[in-house]
Structure formats: C-alpha cells, structure tokens
Amino acid sequence: MNDYVAAAFAVVWFVLLVYVAFVGLRTARISREVELLTRLAERRAEEDRAP
Amino acid sequence: MTEPAVGRRSGGRDAAVWAAAAAVLMFVAIIGGFFIAPEDREGEIQRLLYLHVPLAVMSLGAFLVACVAGILYLRRREDRYDEVVTVSIAIGLLFVVLTIISGSIWARGFWGTWWRWEDPRLVTYLIIALIYGAFFVLRSSTDESRRGRFSAVYSIVAFAAVPVSFYAVRAARDTVHPVALDSDGLQIDSGIFFWLLVSQVAVIVLFVALLKLELLQRRTDRDLRRLRVLLEDGA
Amino acid sequence: MSGAPSAARQYRALVLKDLRLELRTRETLIAMVLFVVIAMVILQFGFGTRETDLTRFAGGLLWVPLAFAAVLGVGRSYVAEREQRVLDGLLVAPVSRFVLLLSRATAIVGYLLAVEIVAVPLLGVFFVKGPYWGDVGWIFLACLLADIGIGVLGTLVASMAVFTRARELVMPVVFLPLLVPVVIAAAGATHAVVGQNDMAQYRGYCLFLAGFAVLFGLVAYATFDAVFDD
C-alpha cells in the first residue's frame, strides 16, 4: 500500500489514541471525585447516627 | 430542578449506543474504503477520499448544528444550548483540522507538494479553521455573564461567513485548473460512491456519538459538583 | 414614546458625535494614515526587491494595510474609558440598538474613507506604472462598498471584543479571518481596474462586496441586541 495511505492511517490512529487518553484521564478524575464524595457521604451518615 | 433519575441513566446508555454504532460503522467504512472499494485510475492515494470528504462535509454540518443551537440559545437562554454550541464547534474544528491534514497528504501524494494555494477548498478550510479557532479565543476571554450570548452570536456570524468564504476564495482563483477534490466533475464509479456514502454515514454517527459523550461528560461534572456542595454544606 | 427623537435624528446625532470625537483627536487619524503608509512600504520590501513593476500587486498592497488598519481602527472606537461610561449612558437612553449599530458603522466607514483618500493616490504614486487617474473613482467605489461591510461586521465584533480581557489580541484574531472575503474581493476589484482593466471582473467583485455588506448587515441586525443584553 502507498506510503501516504499509511501516513493517513497513522494520523487517524494517533488521533484515536490521543482521544482515548483524554477520556481515560477524565474518567480517572471522575472516579477520584466519586470516591471523595462517597467518603463524605459515609461520614455524614455516621454523624447522623451518633448525634 | 433535578432531572428524573431514569432519564439520566438512559442518557448514559444512549451515548454508549451511539458510540458503539460509530465504532462499528467507522470500522466498516475504513475497511470498505481502503480495501474493498474499486481502485481508481489515480491510484491508492485516492482512497484517502473516504476519510477526507466525509470529515469535510460533517465539519460544516457541525457548524450548522452550532449555529442553530446559537439561535436557540438567544431565543430561550437555556444553558444546554450553549453547551451544544461549544461542543459542536470543538468537534467541527477537530474535523476541519483532520480534513486539512488528509487534504495535505493527498496533495503530497497526488501533486507532490504539501500545500497548494490554488486549491480553493483546502484554502477555504484553512480560513474556516481560523474563524472557528477564534471562537475559543473569544469565549475564553469573555466573562461568564456574557459568554453564552457572545458564543451564540459568534456561532451565527461565523456560519454566515462560511459560504461567503468559499465563494470568495473560489472567485479569487481565476484558474481553469481542475480542483483535485472536485468529484462532481469526474465520472463517479458506483462502487466508489457507495463506500463514500457509507463513510459519510459513519462520520455523521461519529459526530453524534462524540457530541453525546461530551455533553454527558459535562453533565456528570456538574452533577458531581452539585453533590459535593450538598454534602459539604450538610455539616 | 413621545418626546424621544425620531430614529433618523438619533442616528444623525450619534454619527456626528462619533465623528466629532474622531476629529477632535486628529492625531489618531494621522496615525492610521501613517500606519497604512508604513505598511505599504514594508510590504513593498517583501515583494519589491526582485520586481520592478508592482502594478499587479496593487490590490494587495492597498488592502493588506487597509485590513490591518481597519482592525486597529474598529477596535479603537471603544477603547477610551470615558467612552465606556458614554456607552452605558447610551444603552440606558431610548436609542434602538440598531440605530447605535448603524451610527457606529457609519463612523467607521467615514474613518476608513478618510484614510483611503490618502492611501489610494499613494498607491498610484508608489506602485502603479503609468497610473491612469480616472481609475481612482472606481477604486473609491470599491473601497466604499468594502468599508460598509467592514463597518457593520466590525461594529458587531468590536462590541463583543470590548468586553473581553485581552481586547487588543482578541480583536484581530476574531475579526481578520472574517475579513478575508472582503480583502479578496476588494483587492480583486482594485486589481481588475489597475492591473487588468477588466470591468466585468470589477463589477463582479463589487457585487460581492455589496452582498457581503447586506448579509452581515442582516446578521448584525438580528443579533446586535443580544450583545448588549445586560
């Protein structure tokens, strides 16, 4: 196959990888946030039980 | 105030369905375009068309979506329209950049140079990239109270400038030089046309999937922030 | 609404106010003219050292400097801080936003024409071999049509840019890409007159410039209110 077609494929793959990385980082950030909020919620539940 | 929980869950599923469809269709389109479609007399490099054209077309579609969303925002002043404006333009700009890159690679393979000022469409897409790149410059330097309004106004102005730019650039070139990508001039092989259509559909679905995913993402961010405020204030 | 002056009178008053402001600060007009001249000189160095006859570049040599001068001039029209308070006053007054838009656009057109009165003859002197001075009229017509489009679109964009943080940077980045069609058509019209004497082409470009002005006049009319919706 032509070199240039290969180049085009490479560009598409690269963009795809960048996007996946971007989404991955976002997911990680949200997971951390959810974990933090879960702990906050658990703490509040304890405080409610023991006034 | 809060959306029903059921609606939210199906929002996620909805985005996932579109994403899966996009993945499948893009795969089919690329395999079909690059391996199955009939070869053109211009050789292998012509297969780039199956990516280049749909991306080019869909980028304009994205800007149309943004313009409509901008009009709706100015009418109804609801933030969700502002979100669509921003995300559509972002995806559209991405597609434009990819269009230019693929167009440049084609030019290199077909004409020998990475760039041709004589090619009206390539040049116009460059101008369009600058116009919509400026959208983010404007948006980021505007404060929150005005951001939605200005973004909406600009999405309309920019979209009006698109056909004008195409026309002007084409008129500036009084060349009889055949435009490399002017497929309506060539005899379109029905095989090529079929796979071109498949690719176009795939890219449209891709746009919708990306749009929904990003909107979902932003909504989740907002929900999390709200949840955090609720939990922290409770003490 | 009795007591509020008619739209036409408001328009005239606003235009006069803007022009009077400009005339009082004559230095800025002179600065703009100097800017255009120096831009022409610099451009010439970019092309001229190998070419002796720059006639075929006349269109660009006129309109690249004018385009940049337009960006500077349009952005400027809102800069003075005193102006900001004047703006607030205007917005409270019963002046239709559209009249405000028109008056500003007119002021910009007047401003650009003043610069062009100097720039166009200079173009003939510097860059055209054996200039035919009858052409000047045609060039001015094209300038006028282009200026109207620039004025309308520029007012709309500047009205947004004035509220941004990096105003001096935002204005050129946002305005110039939108101006590309105007530069193409205006330079093309100039070239058709000076370099080629092709009046059919000139007419085509002028029609385009008129269409541009109408299109963005409509867009501005539809959206201008939203810009000032505080």
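Residue indices begin from 1 for each chain and proceed along its sequence in written order. Chain A is the first chain written and ligand 1 is the first ligand written, with later ones labelled in order. A pLDDT threshold of at least 70 governs which residues receive local features in this predicted model, and a stricter bar of 80 or more applies before side-chain atom pairs are shown or counted, although totals over entire chains, interfaces and linings include all residues.

K.L.:
Mind laying out the overall build of chain B, listing which residues take part and the relevant values?
P.N.:
For the purposes of this entry, the term helix denotes a DSSP run of H or I that reaches at least four residues, the term strand denotes a run of E that reaches at least two, and both are numbered from the N terminus. The helix and strand tally for chain B stands at six helices and zero strands. For chain B, the sequential pattern of α-helices and β-strands runs α-α-α-α-α-α. Neighbour counting defines burial: a residue surrounded by 20 or more other C-beta atoms within 10 Å of its own C-beta is buried, one with 12 or fewer is exposed, and intermediate counts give partly exposed, using backbone-placed C-beta atoms. Sorting the 235 residues of chain B into buried and exposed places 42% on the buried side. Once C-beta atoms are placed from the backbone, any two residues with those atoms within 7 Å are in contact. Partitioning the contacts of chain B with sequence separation of at least 6, the portion at a separation of at least 24 is 80%.

K.L.:
Describe the overall build of chain C, with residues and values.
P.N.:
Helix and strand counts for chain C stand at eight helices and zero strands. Reading the helices (α) and strands (β) of chain C from amino to carboxyl end gives α-α-α-α-α-α-α-α. The buried share of chain C, taken over its 230 residues, is 42%. Residue pairs at least 24 apart in sequence account for 82% of intrachain contacts in chain C once pairs closer than 6 positions are excluded.

K.L.:
Can you lay out the interface of chain A and chain B for me, pointing to particular residues and giving the numbers?
P.N.:
Taken residue by residue, the interface counts 16 residues in chain A and 20 residues in chain B. Considering only residue class, the side of chain A that touches chain B consists of 12 nonpolar, one polar and three charged. Amino acid classes used here: Ala, Val, Leu, Ile, Met, Phe, Trp, Tyr, Cys and Pro are nonpolar; Asp, Glu, Lys and Arg are charged; the rest, including Gly, are polar.

K.L.:
Just give me the short version of the packing of helix α1 (residues 3–49) of chain A against helix α6 (residues 190–233) of chain B, but keep the residues and values in it.
P.N.:
How two helices sit against one another is set out by the angle between their axes and by the gap between those axes. All axes here are fitted lines through C-alpha atoms, helices being fitted over the stretch that makes contact, and every angle between N-to-C directions spans 0 to 180 degrees. It is the contact of α1(A) with α6(B), at a shortest axis distance of 10 Å, that shows an interaxial angle of 25°. Overall, the two elements α1(A) and α6(B) adopt an arrangement that is roughly parallel. In this structure, the crossing between α1(A) and α6(B) has a hand that is left-handed. Touching A:Arg26, A:Ile30, A:Glu33, A:Leu37, A:Leu40, A:Ala41 and A:Arg44 of α1(A) are B:Gln217, B:Thr220, B:Leu224, B:Leu227, B:Arg228, B:Leu231 and B:Glu232, all from α6(B). Among the residues forming the contact of α1(A) with α6(B), the class breakdown is seven nonpolar, two polar and five charged. With respect to orientation, any angle under 35 degrees is reported as roughly parallel, any angle over 145 as roughly antiparallel, any angle of 65 to 115 as roughly perpendicular, and every other angle as oblique. Note on convention: the crossing is left-handed when the near helix lies turned anticlockwise from the far helix by less than a right angle, right-handed when the turn is clockwise.

K.L.:
Could you give me a rundown of helix α2 (residues 49–76) of chain B, with the residues and numbers involved?
P.N.:
In an α-helix, one full turn covers 3.6 residues, which means residues spaced three or four apart are oriented alike. Between the first and last residue of a helix there are one fewer steps than residues, each counted as 1.5 Å, and that sum is the expected span. Spanning 28 residues, α2(B) covers 40 Å between terminal C-alpha atoms, matching the ideal 40 Å at 1.5 Å per step. Of the residues trailing α2(B), B:Arg77 is marked for its positive phi of about 55°.

K.L.:
So, the nonpolar core: which residues are in play, and what are the values?
P.N.:
Each nonpolar core consists of buried Ala, Val, Leu, Ile, Met, Phe, Trp, Tyr and Cys residues. Their C-beta atoms, within 7 Å, join them into a set. With 144 residues, the main nonpolar core has B:Tyr132, C:Ala142, C:Ala186 and C:Leu209 as its most contacted residues. Sorting elements by how many residues they give to this core places helix α7 (residues 167–196) of chain C first, with 17 residues.

K.L.:
How would you sum up the packing of helix α5 (residues 144–172) of chain B against helix α8 (residues 199–227) of chain C? Please name residues and give values.
P.N.:
At a minimum axis distance of 10 Å, the contact between α5(B) and α8(C) shows a crossing angle of 175°. Here α8(C) runs roughly antiparallel to α5(B), going by the angle between their axes. For the pair α5(B) and α8(C), contact is made by B:Arg149, B:Ala152, B:Val153, B:Ile156, B:Val157, B:Ala160, B:Val164, B:Ala168 and B:Ala171 and by C:Phe208, C:Phe212, C:Leu215, C:Phe216, C:Val219, C:Thr223, C:Ala226 and C:Val227, respectively.

K.L.:
Which residues make up the confidence of the model for chain B, and what are the values?
P.N.:
Residue and element names in this part refer to chain B. The quantity known as pLDDT measures the predictor's confidence residue by residue, on a range of 0 to 100. Mean pLDDT for chain B: 85, with 86% of residues reaching 70 or above. When pLDDT is averaged over each element of chain B, α2 comes out on top at 95 and helix α1 (residues 5–36) at the bottom at 79. Confidence over residues 1–8 falls short of pLDDT 50; this stretch has one contact with residues more than four positions distant or in other chains. Every residue in residues 175–181 is under pLDDT 50, and counting partners more than four places away or in other chains gives 12 contacts.

K.L.:
Quick one: what's the story with the interface of chain C and chain B, residue by residue and with numbers?
P.N.:
Facing 25 residues of chain C, the contacting portion of chain B comprises 24 residues. Elements with a minimum of two residues in the side of chain C that touches chain B: α6 (135–161), α7 and α8 of chain C. If one sorts the elements of the side of chain C that touches chain B by residue count, α7(C) sits on top with 10 residues. The residue inventory of the side of chain C that touches chain B, partitioned by class, reads 20 nonpolar, three polar and two charged.

K.L.:
Kindly report on the confidence of the model for chain C, identifying the contributing residues and their values.
P.N.:
Chain-level statistics for chain C give a pLDDT mean of 83 and a share of 82% at 70 or above. For this predicted complex, the interface confidence comes out at an ipTM of 0.85, alongside a pTM of 0.87.

K.L.:
Provide a residue-level description of unusual backbone geometry, including the pertinent values.
P.N.:
Residues and elements named next belong to chain B. Even without glycine at this site, arginine 77 takes up a positive phi of about 55°. Looking at where arginine 77 falls in the secondary structure, it is placed in the loop between α2 and α3 (79–110). Taking the C-beta count within 10 Å as the criterion, arginine 77 has 14 such neighbours and is therefore assigned partly exposed.

K.L.:
How would you explain α3(B) if you had to name every residue and give the values?
P.N.:
Under the 1.5 Å per step criterion, the end-to-end length of α3(B) is 46 Å for 32 residues, consistent within 8% with the ideal 46 Å. In the segment just after α3(B), B:Gly112 is the residue with positive phi, at about 100°.

K.L.:
Before we move on, could you go through the environment of B:Leu60 and cite the residues and values that matter?
P.N.:
Residues and elements named next belong to chain B. Inspection of the secondary structure puts leucine 60 in helix α2. Of the residues examined, leucine 60 has 19 C-beta atoms within 10 Å and is grouped as partly exposed. The spacing of leucine 60 and phenylalanine 95 is 35 residues in sequence and 9.0 Å in space, taken between C-alpha atoms.

K.L.:
Residues and numbers for the environment of C:Leu16, please.
P.N.:
All names here are of chain C. Locating leucine 16 in the fold gives a position in helix α1 (residues 7–24). On the basis of neighbour counts, which here come to 12 C-beta atoms within 10 Å, the residue leucine 16 falls in the exposed class. In this structure, the C-alpha to C-alpha distance between leucine 16 and serine 103, residues 87 residues apart in sequence, is 8.6 Å.

K.L.:
Got a sec to walk through the environment of C:Cys206? Specific residues and values, please.
P.N.:
Residue and element names in this part refer to chain C. Locating cysteine 206 in the fold gives a position in helix α8. By C-beta crowding, cysteine 206 is classed as buried, having 22 other C-beta atoms within 10 Å. Linking cysteine 206 and proline 172, residues 34 residues apart in sequence, is a C-alpha distance of 24 Å.

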